[in-house]
Amino acid sequence: MGHPFWLPVRPGNGFGTAALIVGITGALLGVSIVFGILLGALAVVLGAVGRARVTRGEADNGGTALAGIVLGGVALLISALMIVLIAVNGLGPKGRGPGDGGDRGRDGGYSDTYQAAPPHPAPPHPEACTARPAGRPPAAGSA
């Protein structure tokens, strides 16, 4: 019989590629805190497994796995910044003042109806003004 026919084994680059895809998605969705944390952590884990396979010689895409780790870290960082921004600024509508939608209704919740400000009184007519300088008596012909 002949010699056995050996085919070369293809490298398993799935973990590094998955880390890159999940890292990109996590970085884009990092502003929605939950997706940023979940996808960022998953990208870091997949990238670490991919890098370990590269060091064992089972894969050859170490740069792709490293990019997945970096993008996973970016997703985690964006999510952490969003948490800090929400903690500093708070959530929900702010109580601004009467008439601009920020005042509380009878049940304690915010009203979503528009409340117009009360009308201002009309200015007096110029001829109706009877102001005199202080300390002077009225003139003989004025009323």
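Quick notes on the rules
Residue positions are given per chain, counted from 1 along the sequence in the order it is written. Side-chain atom pairs in this predicted model are given and counted only at pLDDT of 80 or more, local residue features only at pLDDT of at least 70, and totals for whole chains, interfaces and linings cover all residues. The side-chain values count all of the structure's non-hydrogen atoms but skip hydrogen atoms and water molecules. Put simply, DSSP H or I for four residues or longer makes a helix, DSSP E for two residues or longer makes a strand, and each gets a number counted from the N terminus. A helix is expected to span 1.5 Å for every residue after the first. Per-residue accessibility, obtained with a 1.4 Å probe over protein chains only, is compared with the maximum for each type, and a residue is labelled buried under 20%, exposed over 50%, and partly exposed between these values. The arc in question is the one traced by the directions running from the helix axis out to the C-beta atoms. Working rule for contacts: check all heavy atoms of both residues, and any pair within 4.5 Å makes them a contact. pLDDT gives the predictor's per-residue confidence on a scale running from 0 to 100. To qualify as a nonpolar core, a set must consist of buried Ala, Val, Leu, Ile, Met, Phe, Trp, Tyr and Cys residues joined through side-chain atoms within 4.5 Å. Helix axes are fitted to C-alpha atoms over the stretch in contact, other axes to C-alpha atoms as well, and angles between N-to-C directions run from 0 to 180 degrees. To sort the angles, those under 35 degrees are grouped as roughly parallel, those over 145 as roughly antiparallel, those from 65 to 115 as roughly perpendicular, and the leftovers as oblique. In this scheme the crossing of two helices becomes right-handed for a clockwise turn of the near helix relative to the far one and left-handed for an anticlockwise turn of less than a right angle. Residues are sorted three ways: Asp, Glu, Lys and Arg are charged, Ala, Val, Leu, Ile, Met, Phe, Trp, Tyr, Cys and Pro are nonpolar, and all the rest, Gly among them, are polar. Note on definitions: salt bridges are taken to be side-chain nitrogens of Lys or Arg within 4 Å of carboxyl oxygens of Asp or Glu.

Caption draft 1: Representation of helix H1 (residues 14-28) in the model. Between its first and last C-alpha atoms H1 spans 21 Å; for 15 residues at 1.5 Å apiece the expected length is 21 Å, and the two agree. For H1, every residue scored as buried is listed here: Gly 16, Ala 19, Val 22, Gly 23, Gly 26 and Ala 27. For H1, the angular spread of the buried residues around the axis is 135°, confining them to a single face. More than 90 degrees from the buried face of H1, the exposed residues found are Gly 14, Ile 21 and Leu 28. Against the buried residues of H1 lie helix H2 (33-56) and helix H3 (62-89).

Caption draft 2: Fine view of the confidence of the model for the protein. Residues with a pLDDT of 70 or more make up 68% of the protein, whose mean pLDDT is 80. This model gives residues 99-103 a pLDDT under 50, and the stretch forms 15 contacts once residues within four places in sequence are excluded.

Caption draft 3: Inspection of the nonpolar core at higher detail. In this structure, Ala 19, Val 22, Leu 39, Ala 43 and Leu 46 together form the largest nonpolar core, which totals 5 residues. A per-element tally of this core places H2 first, with 3 residues. Discounting chain neighbours no more than four positions away, the residues touching Ala 19 are Ala 43, Leu 46, Gly 47 and Gly 68.

Caption draft 4: Examining the packing of H1 against H2 more closely. Relative orientation of the contacting elements H1 and H2 amounts to 160°, with a least axis distance of 8 Å. Relative to H2, H1 is oriented roughly antiparallel. Taken as a pair, H1 and H2 cross one another with a handedness that is left-handed. Where H1 approaches H2, its residues Phe 15, Gly 16, Ala 18, Ala 19, Val 22, Gly 23, Thr 25 and Gly 26 are matched on the opposing element by Gly 36, Leu 39, Leu 42, Ala 43, Leu 46, Gly 47, Val 49, Gly 50 and Arg 53. Grouping the amino acids of the contact of H1 with H2 by side-chain chemistry returns 9 nonpolar, 7 polar and 1 charged.

Caption draft 5: Layout of the pattern of salt bridges. Taken as a whole and assessed by the stated rule, the structure comprises 2 salt bridges. A salt bridge links Glu 58 to Arg 53, with the nearest nitrogen and oxygen atoms 3.8 Å apart. In this structure, Glu 58 and Arg 56 form a salt bridge, with 3.2 Å as the shortest nitrogen-oxygen distance. It is possible to trace a salt-bridge network through shared partners that takes in Arg 53, Arg 56 and Glu 58.

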